[in-house]
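Chain by chain, the residues run as shown.
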Amino acid sequence: MFRCSLESDILQNHLLQVLTLLAMETPVKLEGPGASRAIRNAKVAVLNAIPPVQIEDVVLGQYEGYADDPTIENKDTNTPTYATIKLSINTPRWYGVPFILKAGKATNERKAEMRIQFKDPPAASFLFEGEGENYCPRNELGMCH
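**Q** What exactly am I supposed to notice about the packing of aromatic side chains here?
**A** Pairs of aromatic rings are described using the distance from one ring centre to the other and the angle between the two planes. Applying the stated criterion to the full structure yields 1 aromatic pair. An angle of 70° between the planes, with centres 5.3 Å apart, marks the rings of Trp94 and Phe99 as edge-to-face. You'll find Trp94 and Phe99 in the same group, each marked buried.

**Q** What is the right way to read the side chain of Thr84 from this model?
**A** With respect to the helices and strands, the residue Thr84 is situated in strand β2 (residues 82–87). By relative accessible area, which is 15% here, Thr84 ends up buried. Apart from residues lying up to four places away in sequence, Thr84 is in contact with Asp57, Val58, Val59, Ile100, Leu101 and Lys102.

**Q** How do you make sense of the pattern of salt bridges when you look at a structure like this?
**A** Think of it this way: side chains of opposite charge can pair up when their charged atoms draw near. Scanning all chains against the criterion turns up 2 salt bridges. The closest approach of N and O atoms between Glu25 and Arg93, which form a salt bridge, is 2.8 Å. Of the two residues, Glu25 is situated in the loop between α1 (11–23) and α2 (35–48) and Arg93 in the loop between β2 and β3 (99–104); the sequence distance between them amounts to 68 residues. With relative accessibility at 38%, the residue Glu25 sits in the partly exposed group. For Lys86, the salt bridge identified is with Asp57, shortest N-O distance 4.0 Å. Of this pair, Lys86 sits in strand β2 while Asp57 sits in the loop between α2 and β1 (58–61), and the two are 29 residues apart along the sequence.

**Q** Could you clarify how one ought to interpret the confidence of the model for the protein chain in this entry?
**A** Detailed reading of predicted coordinates is not advised where the pLDDT is low. Confidence along the protein chain averages 79 in pLDDT terms, with 74% of residues attaining 70 or more. Counting contacts from residues 1–8, a segment whose pLDDT is below 50, to residues more than four positions away or on other chains yields 33 contacts.

**Q** Where do I start with α2 in this structure?
**A** Because an α-helix completes one turn every 3.6 residues, residues spaced three or four positions apart along the sequence face the same direction. Spanning 14 residues, α2 covers 20 Å between terminal C-alpha atoms, matching the ideal 20 Å at 1.5 Å per step. Those residues of α2 not exposed but buried are Ala35, Ala38, Ala42, Lys43 and Val46. Take α2 and look down its axis: the buried residues cluster within an arc of 135°, on one side only. Counted as exposed and oriented over 90 degrees from the buried face of α2: Ser36, Arg37 and Asn48.

**Q** I'm lost on a nonpolar patch on the surface in this one. Help?
**A** Where nonpolar side chains cluster on the molecular surface, the patch consists of Val18, Leu141 and Met143 and spans about 190 Å² of accessible area. Structurally, Val18 can be placed in helix α1. Its relative accessible area of 32% is what places Val18 among the partly exposed residues.

Conventions used here
- Residues numbered from 1 in each chain as written.
- Predicted model: local features only at pLDDT ≥ 70, side-chain atom pairs only at ≥ 80, totals over all residues.
- Heavy atoms only, no water.
- Phe/Tyr/Trp six-rings, centres within 6.5 Å; stacked < 30°, edge-to-face > 60°.
- Buried < 20%, exposed > 50% of the residue type's maximum accessible area, 1.4 Å probe, protein only.
- Helix = DSSP H or I, 4+ residues; strand = E, 2+ residues; numbered from the N terminus.
- Contact = heavy atoms within 4.5 Å.
- Salt bridge = Lys/Arg side-chain N within 4 Å of Asp/Glu carboxyl O.
- pLDDT = per-residue confidence, 0-100.
- Expected span 1.5 Å × (residues − 1).
- Arc of directions from axis to C-beta.
- Patch = residues over 30% accessible without salt bridge, like charges linked within 9 Å, V, L, I, M, F, W, Y side chains within 5 Å.
- Areas by Shrake-Rupley, 256 points an atom, 1.4 Å probe, with all protein chains shown as cover.

Pasting the structure below:
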């Protein structure tokens, strides 16, 4: 994963922690001796099921005035301060569901965000009126910090 100047590396640490907790299968044990190892193994299985992120699924940016900060020594820096990444998890439960992770600093709102766009409901074209792909809005779950 790339390195960003995002607050405390929120994308690499916090959002991936939330992603693994959300997408993991039920661990074989949830309490007592060995539970922490079982939970860790379930989270690692999620990370192992994420294929390499392609460059076309990444948006990086730097807020205007970043290099004006007196703590920034290299005034020609192109260090990203904002990132959006679309990734997938190749497991039977999550195959084909895009996960969108967003984090940045010096934006209008101070937050990190993860969005999941669920698959279209079965038989949606028969159940809802309309034409084309927009006949039924896709269900989405957003989590913000």
